[in-house]
Amino acid sequence: MIVLGTDRLSLRGWRDNDLDALASLNADPEVMRYILDGSVRDREQSAEGLRKMITDWETRGFGLFAVEVRETGALAGWVGLAVPEFLPEVMPAVEIGWRLDRRFWGHGYASEAAAAALRFGFNVCDLDRIISIRHVDNARSARVMAKLGLAYEFSTVVPEHEQPVAVHATTREQYQAHHGTWPPSLAETS
């Protein structure tokens, strides 16, 4: 499993003992407000999601990282790459996304972790293009996308939930023009 490090965070693989923190995150109505239909997830749904995140890494070679605050070891949430099958009109595509516990909002953790995941997507996974999808009212995610250099492309509606979303994107060429390459040797493996 790849482990990425930033100044303040470790992006690592998932562990069974992450379920409590993940279930707490997914049970918060404010955190889930802009996710699909806005419903919270119960512990069983979170456990199923945890298993899916582990399986995605095994089958795709990329996925969602658990984001841990280095100083405290606390699980702040997740960030990483996924295939946005919920929005068929953008397929084939890889999406960068994030979800953090409210206690960790406002510290720049989402931008810091997502920047590392974006570098990983382009420079290790060799992706040509990465998109990000947000609810049109989610201003926090829009700010993170802007910091990452993802440009607005279009708005649409998620078919299953009739949720209005905006699609943002960047290419490897655009990313590297602004940020350069990131040597894979900066990723730790464990």
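Keep in mind that what you see is a predicted model, and the values were worked out from it rather than measured.

J.: An account of the overall build of the chain is requested, with residue identities and associated values reported.
T.: Along its length, the chain carries six helices and nine strands. Computed over its C-alpha atoms, the radius of gyration of the chain comes to 16 Å, within 12% of the 16 Å expected for a compact globule of 190 residues. For the C-alpha atoms alone, the extent of the chain along its principal axes is close to 40 × 40 × 35 Å. Considering the chain as a whole, with its 190 residues, one finds that 49% of them fall into the buried category. Just so you have it, the chain exposes about 9700 Å², and 49% of that area is on carbon and sulfur atoms.

J.: Which residues make up the pairing of strand 2 (residues 9–12), and what are the values?
T.: As a general feature of sheets, a regular strand has side chains that alternate between the two faces. Side-chain alternation along strand 2 places Leu9 and Leu11 on one buried face and Ser10 and Arg12 on a second face that is also buried. The hairpin turn running from strand 1 (residues 2–5) into strand 2, its antiparallel successor, is three residues long. Examined bridge by bridge, strand 2 and strand 3 (residues 64–69) share four bridges and lie antiparallel to one another. Of the residues in strand 3, the one forming a bridge with Ser10 is Glu68.

J.: Break down the nonpolar core for me, with residues and values.
T.: Ranked by size, the top nonpolar core spans 33 residues in total, and within it Leu11, Val79, Leu81, Ile96 and Trp98 carry the most contacts. Elements represented by at least two residues in this core include exactly strand 2, strand 3, strand 4 (75–82), strand 5 (95–100), helix 4 (109–123) and helix 5 (139–148). Here Leu81 is in contact with Phe62, Gly63, Leu64, Val94, Glu95, Ile96, Ala117, Phe120, Gly121, Cys125, Leu127 and Ile130, once residues within four sequence places are set aside. Counting residues in each nonpolar core, the second largest holds 13 residues, with Met32, Ala47, Ala66 and Leu75 among its members.

Procedures and definitions
Think of each chain on its own: its residues are numbered from 1, step by step along the sequence as written. For this predicted model, a pLDDT threshold of at least 70 governs which residues receive local features, and a threshold of 80 or more governs which side-chain atom pairs are given and counted, while totals over whole chains, interfaces and linings are taken from all residues. Hydrogens and water molecules were not included; the side-chain quantities draw on all heavy atoms of the structure. Elements are defined by DSSP. Helices are runs of H or I of four residues or more, strands are runs of E of two residues or more, and each kind is numbered from the N terminus. Two things to know: the radius of gyration comes from C-alpha atoms, and the globule rule equals 2.2 Å times the number of residues to the power 0.38. Buried residues are those whose accessible area, probed at 1.4 Å on protein chains only, stays under 20% of the maximum for their type, while exposed residues exceed 50% and partly exposed ones sit between those limits. The accessible surface values rely on the Shrake-Rupley method and a 1.4 Å probe; as for residues, cover is taken only from the protein chains in view. Here a strand pair is declared whenever DSSP counts at least two bridges between the two strands. Among buried residues, the Ala, Val, Leu, Ile, Met, Phe, Trp, Tyr and Cys ones that are joined through side-chain atoms within 4.5 Å form a nonpolar core. Every residue pair with non-hydrogen atoms within 4.5 Å of one another is taken to be in contact.

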